[in-house]
Amino acid sequence: NYESCPRELACILSDPQLFKCGVGARNDATKLHNDLGVPVHGVVELSDLARRKLVDTQMSLQGLCASVLKRRLEKPPHIRISNWEQRPLSGLQLSYAATDAYAGLRLYQKLEPLPDRVVTLEPSAGMINSCNHGCGIPVPAAHTVKSLSPSKLAVYELFHHHGMSPAEISLTRNLKITTVLGYLGEAIAAGYAYDFKRFGIPDAVFKFVKEHTLNSTVQPVSLRHLHEALPCDLSETEWWELRVAASHLERYKPENSAEAVRGSADE
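Residues numbered from 1 in each chain as written. Predicted model: local features only at pLDDT ≥ 70, side-chain atom pairs only at ≥ 80, totals over all residues. Heavy atoms only, no water.

For the protein chain, an unreviewed UniProt entry supplies the name 3'-5' exonuclease and the organism Octactis speculum. Quoted verbatim from the Subcellular location (unreviewed entry) heading of the UniProt record, the comment on the protein chain is "Nucleus". (UniProt positions renumbered as here; feature names shortened; annotations may be inferred.)

It is worth spelling out the overall build of the protein chain at this point. On a plain count of helices and strands, the protein chain comes out with 14 helices and two strands. Relative to its 267 residues, the protein chain shows a buried fraction of 37%. Within the protein chain, counting contacts between residues at least 6 apart in sequence, those at least 24 apart form 65% of the total. When the accessible surface of the protein chain is totalled, it reaches about 15600 Å², and 55% of it is carbon and sulfur. (Helix = DSSP H or I, 4+ residues; strand = E, 2+ residues; numbered from the N terminus. Buried < 20%, exposed > 50% of the residue type's maximum accessible area, 1.4 Å probe, protein only. Contact = heavy atoms within 4.5 Å. Areas by Shrake-Rupley, 256 points an atom, 1.4 Å probe, with all protein chains shown as cover.)

When pLDDT is averaged along the protein chain, the result is 79, and 84% of the positions lie at 70 or above. Element-level mean pLDDT values for the protein chain span from 35 in helix α7 (residues 125–129) up to 94 in helix α6 (residues 91–111). Confidence over residues 119–135 falls short of pLDDT 50; this stretch has 38 contacts with residues more than four positions distant or in other chains. This model gives residues 254–267 a pLDDT under 50, and the stretch forms 13 contacts once residues within four places in sequence are excluded. (pLDDT = per-residue confidence, 0-100.)

This part is about unusual backbone geometry. Most peptide bonds are trans, and most residues other than glycine sit at a negative phi. Cis geometry is found at the peptide bond from arginine 87 to proline 88, where omega equals 0°. The backbone of lysine 70 sits at a positive phi, close to 60°, despite the residue not being glycine. Turning to its location among the elements, lysine 70 is positioned in the loop between α4 (61–69) and α5 (77–80).

A few words now on helix α11 (residues 203–215). The end-to-end C-alpha separation of α11 is 18 Å, in line with the 18 Å expected for 13 residues at 1.5 Å each. Turning to α11, its buried residues number three or more, namely Val205, Phe206, Phe208, Val209, Lys210, Thr213 and Leu214. (Expected span 1.5 Å × (residues − 1).)

Another point: the packing of α4 against α6. Two elements in contact, α4 and α6, have axes separated by 10 Å at closest approach and are oriented at 45°. When the axes of α4 and α6 are compared, the pair comes out oblique. In this structure, α4 meets α6 at a crossing whose hand is left-handed. Contacts from Leu61, Leu64, Cys65, Val68 and Leu69 of α4 reach α6 at Asp100, Ala103, Arg106, Leu107, Lys110 and Leu111. (Axes fitted to C-alpha atoms, helices over the stretch in contact; angles between N-to-C directions. Parallel < 35°, antiparallel > 145°, perpendicular 65-115°, else oblique. Left-handed = near helix turned anticlockwise from the far one by under 90°.)

The grouping of Leu9, Ile12 and Leu18 at the surface amounts to a nonpolar patch, some 240 Å² of accessible area in total. Checked against the element boundaries, leucine 9 lands in helix α1 (residues 7–14). (Patch = residues over 30% accessible without salt bridge, like charges linked within 9 Å, V, L, I, M, F, W, Y side chains within 5 Å. Salt bridge = Lys/Arg side-chain N within 4 Å of Asp/Glu carboxyl O.)

The next subject is the packing of aromatic side chains. Per the stated rule, a full pass over the model turns up five aromatic pairs. Ring centres of phenylalanine 159 and phenylalanine 199 lie 5.2 Å apart, and the angle between their planes is 40°; on these two criteria the pair is classed as tilted. Of this pair, phenylalanine 159 sits in helix α8 (residues 150–161) while phenylalanine 199 sits in the loop between α10 (177–190) and α11, and the two are 40 residues apart along the sequence. Taken as a pair, phenylalanine 159 and phenylalanine 199 share a single burial class, namely buried. (Phe/Tyr/Trp six-rings, centres within 6.5 Å; stacked < 30°, edge-to-face > 60°.)

Let's shift gears to the side chain of glutamate 45. Considering the arrangement of structural elements, one finds glutamate 45 in strand β2 (residues 43–45). Among buried Asp, Glu, Lys and Arg side chains, glutamate 45 stands out as unpaired, with arginine 26 the closest opposite charge at 4.7 Å. If near-sequence neighbours (up to four positions away) are discounted, glutamate 45 is found in contact with Gly22, Val23, Gly24, Ala25 and Arg26. (Lys, Arg positive; Asp, Glu negative; His and termini not counted.)

Scanning the entire structure with this criterion turns up six salt bridges. Ionic pairing is found between arginine 26 and aspartate 48, a salt bridge with its closest N-O pair at 2.7 Å. Residue arginine 26 is located in helix α2 (residues 25–36), and its partner aspartate 48 is located in helix α3 (residues 46–53); the two are separated by 22 residues in the primary sequence. By relative accessible area, arginine 26 is classed as partly exposed at 41%. Note that aspartate 48 is salt-bridged to arginine 51, the shortest N-O span being 2.4 Å. Taken together, the residues aspartate 48 and arginine 51, both in helix α3 and three residues apart, mark about one turn of the helix.

Right under this line is the structure:
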């Protein structure tokens, strides 16, 4: 239980600002929580990070060390399957565990600064008009990215780079979930990379924002204007949903997309 875990270790595990990096790290975090009752935050799944930065394939810790660090990670089977319940652990076991932990740290330090892989498929007006409105294609960072405040940047990092859900971020950062989602909407508007499908914006909301924006004689269309124009069946739409949808529409489009989309809609 929680009381059996050293206080110092529990503080480290529960601190979202101290990243825990590894392959299969989420499973390890779940086991720690189930076995000790300790909440584990700041988990970085290195296989996900590697896929986002390098290649779209699953790799073991050994594979990542060989590919990224150009080093061979020794994992002797007789130590891996030895009795890890014994106390004290042997010197070989301690070395094995420490090497795994250090390898995770070095991989994170090497991978995190790398730019995200850029999707080569160019969005088209037809994609914007389709029902999935580009949801399945991650949008890379804009050529010019505006700065965010430290608190907003921290929320964005947890969501985009560490795979945390808005609900998880809300708990770990002690913020209202609408505040978290508002910050993420600002990150999109500022030019940061994102995956639109993770926001779960209803198709009806995006369709409304798209059509209202394209048909408006006043550009750009303000969020207040969009909110006031909401039809009755969308009256419960949140402000953050409008912000994210409008920002995505602005970001995910080809050159002169307003004319292109109008032309496609008229065909």
